[in-house]
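Okay, here's what each chain looks like letter by letter:
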Amino acid sequence: MGNRHTRFQLDYFTLIAMYLLAAVSIVVLASASRPWAPSGDPTYFVKRQMIWFGLGTVVLVVATWINYEHFKKFAPYIYWAAIGLLGIVLVHGQSALGAQRWIPIGPFQLQPSELAKVAIIITLATHLDKKKSLKHWRDMVSPLVHVGIPMLMILKQPDLGTTLVFAAITIGMLYMAGLPWLKMLVFPAGLGLMVLWIYLHYRYGIKIPIMHTYQLNRLTAFINPNKDPLGTGYNVIQSRIDIGVGGLTGSGLTMGAHTTLLGYLPESYTDFIYAGIGEQLGFVGSMAILFVYLLIIARAVYIATQAKDRFGMLLAAGVASMFAFHVIESAGMASGIMPVAGVPLPFMSYGGSALMADSAAIGLLLNVYGRRKVQGYKPSVAKPVPVLYSNQLSEQDLVGGPN
């Protein structure tokens, strides 16, 4: 057989789902962010988010257009650039709400930990693609160190939510890379150990050196938010009220009184935007939004199975893991059934850095899909596939003439 011709095919399904979420986001933000906008400009956050959507589209096009195989060549530079930006944050970053996570760039603020998520997907995929085997315990050391360095730097900021996202990405990619089930049990065992440690901390005062007390209190507030209703439990209580007010069909877009008019929920346009969705669109609308996310994640898994090589499969698996954790955690914490870890809802929460990272992730999916397993052009008439790609093919054969 001769060389097969290939052509790039765009995954319109994923692209339409992404921009559907973006469109709903703008409408919900117009309501949820109004109490927190500067005086005299109620659309302040909406206008900025629309700018980020425009820049995100540029990022998406670039991430889609460049052949993803080239990312392997630049993986070391991508990794160390991410480490460098995280280091700048720790030294000269801007602080807000007790965390030092941002680098001011003119009127905007860059959050390197968000960009580092995509960087770690690309670089860990490159690392695992070279490693091939994960049969022995020692094979897990280098991937975990690879991810552990930026994770510790992000935890130092502190940013527990993004740290957990890194863990989810790592687990998903290691599983798809072929990590045996016995070794996969290390991760739930580690989670169980952490839960036990937190219990012993509250019961007997045993210290947890890698976490601040306020992080632990916020992380466990969902269990009993009424224990500190004006402190760590406040956002959870107000978020659940928002969702409850929405009822079955919601109060209508831009009509959320609890969020829009009264502004009871401070993070209603960022980490807790799912509460605003619940209030304005109700249970039906909230489930519809989650269904769109489910379609994107399922599509990402499908793209991973259709990738033409191991590297592409790992890229898609990393993106699927990232989005899955974001959606489960963000919607869960707003509903009061998951710990409050400060994780934004992809394409819905306000924030430029997160939107850039999510757009780049979708671009990677489109990239892998467009260059999936070799696609041959269909002949104009029924011909055996070997004949279609024969180097000895005549012009008469191509047009379907007599044999």
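These figures come from a predicted structure and were not determined experimentally.

Criteria and thresholds
Residues numbered from 1 in each chain as written. Predicted model: local features only at pLDDT ≥ 70, side-chain atom pairs only at ≥ 80, totals over all residues. Heavy atoms only, no water. Helix = DSSP H or I, 4+ residues; strand = E, 2+ residues; numbered from the N terminus. Buried < 20%, exposed > 50% of the residue type's maximum accessible area, 1.4 Å probe, protein only. Contact = heavy atoms within 4.5 Å. Areas by Shrake-Rupley, 256 points an atom, 1.4 Å probe, with all protein chains shown as cover. Expected span 1.5 Å × (residues − 1). Arc of directions from axis to C-beta. pLDDT = per-residue confidence, 0-100. Polar contact = N/O pair within 3.5 Å; in protein donor to acceptor, adjacent residues only side chain to side chain. Lys, Arg positive; Asp, Glu negative; His and termini not counted. Salt bridge = Lys/Arg side-chain N within 4 Å of Asp/Glu carboxyl O. Phe/Tyr/Trp six-rings, centres within 6.5 Å; stacked < 30°, edge-to-face > 60°. Lys NZ or Arg CZ within 6 Å of the ring centre and 35° of its normal.

## Points about the overall build of the protein
Each helix and strand counted, the protein has 16 helices and three strands in total. When each of the 403 residues of the protein is scored for burial, the buried share is 48%. Counting only contacts in the protein whose residues sit at least 6 apart along the sequence, the fraction spanning at least 24 positions is 71%. Within the structure as shown, the protein displays about 19,400 Å² of accessible surface, and the carbon and sulfur contribution to it stands at 67%.

## Concerning helix 8 (residues 186-204)
Because each turn of an α-helix spans 3.6 residues, side chains separated by three or four positions in sequence point in the same direction. Counted at 1.5 Å a residue, the expected span for helix 8 with its 19 residues is 27 Å, and the 26 Å between its end C-alpha atoms agrees. Among the residues of helix 8, Phe187, Ile198 and His201 are the ones counted as buried. Viewed end-on, helix 8 has its buried residues packed into an arc of 60 degrees, placing them on one side of the element. Away from the buried face of helix 8 by more than 90 degrees, exposed residues Leu193, Arg203 and Tyr204 are located. On its buried face, helix 8 is in contact with helix 5 (141-155), helix 6 (160-176), helix 7 (181-184) and helix 9 (213-220). In the stretch just after helix 8, Gly205 is the one whose phi turns positive, near 75 degrees.

## Section: helix 9
Where helix 9 is concerned, the buried positions are Gln215, Leu216 and Leu219. An end-on view of helix 9 places all buried positions within 100 degrees of arc, on one side of the element.

## A closer look at the confidence of the model for the protein
Looking at the protein as a whole, its pLDDT mean stands at 85, while 88% of the residues score no less than 70. Here residues 375-403 is a poorly scored stretch, pLDDT under 50, and it has 29 contacts once near neighbours within four places are set aside; other chains count.

## What to know about the side chain of Thr14
Topologically, Thr14 is positioned in helix 1 (residues 12-32). Separated by 2.5 Å, the side chains of Thr14 and Asp11 make a polar contact. Once residues lying within four places of it in the same chain are set aside, the contact partners of Thr14 are Arg299, Ile362 and Leu366.

## A short note on the side chain of Asp159
Considering the arrangement of structural elements, one finds Asp159 in the loop between helix 5 and helix 6. Buried charged residue Asp159 carries no salt bridge. Nearest counter-charge: Arg101, at 4.1 Å. A polar contact of 3.4 Å, which involves the side chain of Asp159, links it to the side chain of Ser113. Within the local environment of Asp159, its side chain forms a polar contact with the side chain of Thr162, the two groups lying 2.8 Å apart. When sequence neighbours within four positions are dropped, the list of residues in contact with Asp159 reads Arg101, Gln111, Ser113, Ile154 and Gln215.

## A look at the packing of aromatic side chains
Inspection of every chain in the model, using the stated rule, returns nine aromatic pairs. Look at Phe45 and Tyr269: their rings are 4.6 Å apart centre to centre, the planes differ by 35 degrees, and that puts the pair in the tilted class. Within this pair, whereas Phe45 is found in helix 2 (residues 44-65), its partner Tyr269 is found in the loop between helix 11 (257-261) and helix 12 (273-306), the two being separated by 224 residues in sequence. Linked through ring pairs, Tyr44, Phe45, Tyr269 and Tyr350 together constitute an aromatic cluster. One residue, Lys183, lies across the ring of Trp137, its end atom 4.9 Å from the ring centre. For Arg372, the ring lying beneath its charged end belongs to Tyr369, and the centroid distance is 4.0 Å.

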